[in-house]
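Per-entry structural report
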Amino acid sequence: MLVVMKRQATDEEVQQVVRAIEGAGYVARIIAGGERVAIGILQNLGPVDPTPFLHLPGVTEAIPVTKPYKLVSREFSPADTVIRVGEGAVGGDHFMLIAGPCAVESEEQALTIAREIQRSGAKFFRGGAYKPRTSPYSFQGLGEAGLKILARVRQETGLYIVTEALDHEICDLVEEYADIIQIGARNMQNFSLLRRAGRARKPILLKRGMAATIQELLMAAEYIMSEGNPQVILCERGVRTFADHSRNTLDLSAIPVVRKESPLPIIVDPSHGCGRRDQVIPMSRAAVAAGAQGLMVEVHHEPHKALSDGPQALFPAQFEELVRGILPFLTEAQQVELLSGPR
Ligand code: PEP
Ligand code: MN
């Protein structure tokens, strides 16, 4: 249930509604809109009777929320969520380009790739220091040493850092180094990690699980938001299907569905979605044409030597080609934002 206030409602009237909601045993969440304030009623197990709230001063109407998710729904917050990171932003009319290797392998590797992707317009550098690998014998990431390399990349280039927190114990350390904390596909329903991310002071990049519906993705985002962190970026990264011509099946239909259901920004990871270098550029263009508000792309200067996901990594020159290829689908303001050189 959403209790919507009149445009001229005072702060005291808003507080009176909050007290009435809490007095009835629910949790109240104030949602500031452009024109009017609304107050969401959370943690109700069944339907809520709006009558006691409708008669309070300053209240104009009560709208039932029909979706299982609340804080992530457009019913709660109609306007697009804009998430800012330094001079970068995503959501609304802002496009976010994230690129870098699958894993941080060495300082030289990370810095080389960072300089390349920066030249092409990316303002966000990705690279895992903790890697979720199918085999325990595969490269697991450099751990804290990898985070220190990422700090150096930020210091040297000014790029913002996106890196994964594999579990809630490691999240404290990752939060110190990351500008955006990534939660990977395998962890989309790791509820203790989601709750921990909800207490973080950094934006969260939440990747769709490889067999998750859009509703499950949104419910995972709801976990984060319900703990108090409104800064969630959703990421479509492909789902498991019978198809074997690509690593996963990139589900671009997720984009219009998420944009209709939720104000949260949605970006696309064509690298894990396709798993093959030759598919990444066309699928990036398709994603942006379909309304993706950003891309996260794996790039490596020596993919044949990469310790993980080499076959899907673009060469730096291909990344530049990718950026040129998406420009026609961006607004003029987004093009300027993308091409406006290093900060
Ligand atoms: C990644 O982005 O590094 C990654 C492991 O992706 P996913 O969680 O989508 O498999
Ligand atoms: Mn990868």
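Look a little higher up for the structure.
Residues numbered from 1 in each chain as written. Chains lettered and ligands numbered in written order. Predicted model: local features only at pLDDT ≥ 70, side-chain atom pairs only at ≥ 80, totals over all residues. Heavy atoms only, no water.

1. A few points about the site of ligand 1
Operational definition: A single heavy atom is enough: if one lies within 4 Å of a molecule or strand, its residue is considered near that molecule or strand. Throughout this description, a polar contact denotes any pair of N or O atoms lying within 3.5 Å of each other; where both atoms belong to protein, one of them has to be capable of donating a hydrogen while the other can accept it, and for residues adjacent in sequence the pair is counted only when both atoms sit in side chains. All accessible-area figures derive from a Shrake-Rupley calculation using a 1.4 Å probe, and residue coverage is judged against the displayed protein chains alone. Three categories are distinguished: nonpolar for Ala, Val, Leu, Ile, Met, Phe, Trp, Tyr, Cys and Pro, charged for Asp, Glu, Lys and Arg, and polar for the others, with Gly belonging to the last.
Neighbouring residues of ligand 1: Arg 126, Lys 131, Pro 132, Glu 164, Gln 182, Gly 184, Ala 185, Arg 186, Lys 207, Arg 237 and His 272. Taking Arg 237, its side chain carries an N or O atom lying 2.6 Å from an oxygen atom of ligand 1. Starting from 290 Å² of accessible surface for ligand 1 in isolation, the protein chains cover 97%. Of the residues that constitute the shell around ligand 1, the class distribution is two nonpolar, three polar and six charged.

2. Considering empty space enclosed by the protein
Our working rule: Grid points spaced at 1 Å and placed over the protein atoms alone form the basis of the search, with a cavity being a set where a 1.4 Å probe fits but cannot get out and a pocket an open set showing protein on both sides within 12 Å along at least five of seven lines. Lining residues have an atom within 4 Å of a point. Grid points are joined across faces, edges and corners, and a volume is the space filled by probe spheres set on the points.
Under the criterion given, the structure shown has two cavities of 30 Å³ or more. By volume, the second largest cavity is sized at about 30 Å³. Contributing to the lining of the second largest cavity are Pro 101, Cys 102, Glu 298, Val 299, His 300, Ala 306, Ser 308, Asp 309 and Ala 313. The class makeup of the residues in the lining of the second largest cavity is five nonpolar, two polar and two charged.

3. A word on the coordination of the manganese ion (ligand 2)
Under the convention used in this document: Coordinating donors are taken to be N, O and S atoms lying within 2.8 Å of the metal, or within 3.2 Å when the metal is Na, K or Ca; because water is excluded from the atom set, some sites may appear incomplete. Labels follow the DSSP assignment, with helices taken as runs of H or I lasting at least four residues and strands as runs of E lasting at least two, numbered in each case from the N terminus.
Around the manganese ion (ligand 2), the protein supplies Cys 102 (SG), His 272 (NE2), Glu 298 (OE) and Asp 309 (OD) as donor atoms, at distances of 2.0 to 2.4 Å. The motif formed by the donor residues of the manganese ion (ligand 2), counted along the single chain, is C-x169-H-x25-E-x10-D. Of this pair, Cys 102 sits in the loop between strand 7 (96-100) and helix 3 (107-119) while Asp 309 sits in the loop between strand 14 (294-298) and helix 11 (316-326), placing them 207 residues apart in sequence.

4. Structural notes on the side chain of Gln 312
Convention followed: Contact criterion: two residues are considered in contact whenever any of their non-hydrogen atoms come within 4.5 Å of each other.
As for its placement among the helices and strands, Gln 312 is situated in the loop between strand 14 and helix 11. In terms of polar contacts, Gln 312 uses its side chain to reach the side chain of Asp 309, at 3.2 Å. Residue contacts for Gln 312: discarding those within four places in its chain leaves Arg 247, Ser 271, His 272, Gly 275, Arg 276, Arg 277, Val 280 and Glu 298.

None of the figures reported here should be taken as evidence of function without further support.
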